[in-house]
Amino acid sequence: MTNLEKRNEMVEAHLYMIDILIRKYLGKGVEYDDLYQVAALALVNAADRYDPSKGYEFKTFATPTILGEIKKYFRDKEWSLRVPRRLKEIAGKVKEAEDAMQLELGRNPNIEELSERTGYTHEEIIQAIEGAKAYGTYSLEAGLDEQDEGASLEKFLGFEEIGYERIEIMEIISAVLDKMSDTNRFIFRRRFIENRSQAEIAKELGVSQMTVSRNEKAIINKFREEVQH
């Protein structure tokens, strides 16, 4: 049996998971067929990446991938339908300015430089950057599951190693991010997802490294409080 045939057999054997996982997302303005297609593509993707030598059952590995794609689909939809037009416009102009300044400066511009170029406030720029990342093509779930960039966050916060089972961690992260300020969300993403240094983040924000360090400690405490609940 070829690898493709094995993959197809695995997908067919686990199609039942789709109906189970999309059930709670039905009735939220998205057609069943659309959700089914999103989940089915995620199932195929999971089958392509599954490594049985890791010792995990396929359904344990596939579930976070499918849920992540469903949530990303809703975030993308929310961005296109609910995010204020002004924020979309700011995000577009900030991106244009950022691309141009990268060529001019030979590095990524910081928030202060973007503010001077575009005329927007620091807070507007941070909101635009975070909004575009949250509701655009970036997927926090994919970042943690596929790229394994979340491992440093898990270790830093004292989470137990759970291999591919990241659903609970995703829920914890989402709950804490919802309560954060735009600045702390920016610091969280730069520090724990993109692995940027405190010095780099401080330069971007135009603040001291000590300020970033204090904010980082506050972020970590918020996660620890959520874990202990």
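Higher on the page you've got the structure.
Predicted model, so just to flag it, every value in this text is computed and none were measured. (Residues numbered from 1 in each chain as written. Predicted model: local features only at pLDDT ≥ 70, side-chain atom pairs only at ≥ 80, totals over all residues. Heavy atoms only, no water.)

Peer 1: So what about helix α5 (residues 85–105)? Which residues, and what values?
Peer 2: The end-to-end C-alpha distance of α5 is 30 Å, a good match for the 30 Å that 21 residues give at a rise of 1.5 Å each. Regarding α5, the residues found buried are Leu87, Ile90, Ala91, Val94, Ala97, Glu98 and Met101. Each buried residue of α5 sits inside an arc of 140° when the element is viewed along its axis, so together they form one side. Among the exposed residues of α5, those oriented more than 90 degrees off its buried face are Arg85, Glu96 and Leu103. (Helix = DSSP H or I, 4+ residues; strand = E, 2+ residues; numbered from the N terminus. Expected span 1.5 Å × (residues − 1). Buried < 20%, exposed > 50% of the residue type's maximum accessible area, 1.4 Å probe, protein only. Arc of directions from axis to C-beta.)

Peer 1: Got a sec to walk through helix α12 (residues 198–205)? Specific residues and values, please.
Peer 2: Along an α-helix, residues three or four apart share an orientation, since each turn contains 3.6 residues. Within α12, burial applies to Gln198, Ile201, Ala202, Glu204 and Leu205. Along the axis of α12, the buried positions cluster into a sector of 160°, meaning they face one direction only. Downstream of α12 by one or two residues, glycine 206 has phi in the positive range, about 75°.

Peer 1: Could you give an account of the pattern of salt bridges, naming the residues involved and the relevant values?
Peer 2: Evaluated as defined, the whole model comprises nine salt bridges. In this structure, arginine 7 engages aspartate 48 in a salt bridge whose closest nitrogen and oxygen atoms are separated by 3.3 Å. Of this pair, arginine 7 sits in helix α1 (residues 3–13) while aspartate 48 sits in helix α3 (residues 32–49), and the two are 41 residues apart along the sequence. Between arginine 196 and glutamate 200 there is a salt bridge; the shortest N-O distance is 3.7 Å. For arginine 196, a relative accessible area of 18% puts it in the buried group. Given a relative accessible area of 38%, glutamate 200 falls into the partly exposed group. A single salt-bridge network, built from bridges that share partners, covers Arg190, Arg196, Glu200 and Glu204. (Salt bridge = Lys/Arg side-chain N within 4 Å of Asp/Glu carboxyl O.)

Peer 1: Outline the side chain of glutamate 204, listing residues and values.
Peer 2: By the secondary structure assignment, glutamate 204 is in helix α12. If sequence neighbours within four positions are ignored, glutamate 204 has contacts with Asn110, Ile111, Glu112, Phe186, Arg190 and Arg196. (Contact = heavy atoms within 4.5 Å.)

Peer 1: So, the packing of α5 against helix α6 (residues 111–118): which residues are in play, and what are the values?
Peer 2: One can describe the packing of α5 onto α6 by two numbers: an axis separation of 10 Å at closest approach and a directional angle of 110°. Taken together, the axis directions place α5 and α6 in an arrangement best described as roughly perpendicular. When you trace α5 past α6, the crossing you get is right-handed. Each of Lys93, Val94, Ala97, Glu98, Ala100, Met101, Glu104 and Leu105 in α5 lies in contact with α6, whose residues at this interface are Glu113, Leu114, Arg117 and Thr118. (Axes fitted to C-alpha atoms, helices over the stretch in contact; angles between N-to-C directions. Parallel < 35°, antiparallel > 145°, perpendicular 65-115°, else oblique. Left-handed = near helix turned anticlockwise from the far one by under 90°.)

Peer 1: Just give me the short version of the packing of aromatic side chains, but keep the residues and values in it.
Peer 2: Under the counting rule described, the total for this entry stands at three aromatic pairs. Ring plane angle 80° and centroid distance 5.2 Å describe the contact between tyrosine 50 and phenylalanine 58, whose orientation is recorded as edge-to-face. Its relative accessible area of 16% is what places tyrosine 50 among the buried residues. What makes phenylalanine 58 buried here is its relative accessible area of 5%. Measuring from ring centre to ring centre gives 5.9 Å for tyrosine 50 and phenylalanine 61, while their planes differ by 40°; the resulting arrangement is tilted. Of the two residues, tyrosine 50 sits in the loop between α3 and α4 (58–82) while phenylalanine 61 sits in helix α4, which places them eleven residues apart along the sequence. Judged on exposure class, the residue tyrosine 50 and its partner phenylalanine 61 are both buried. (Phe/Tyr/Trp six-rings, centres within 6.5 Å; stacked < 30°, edge-to-face > 60°.)

Peer 1: Got a sec to walk through the environment of glutamate 12? Specific residues and values, please.
Peer 2: Residue placement: glutamate 12 occurs in helix α1. A relative accessible area of 59% means that glutamate 12 is categorised as exposed.

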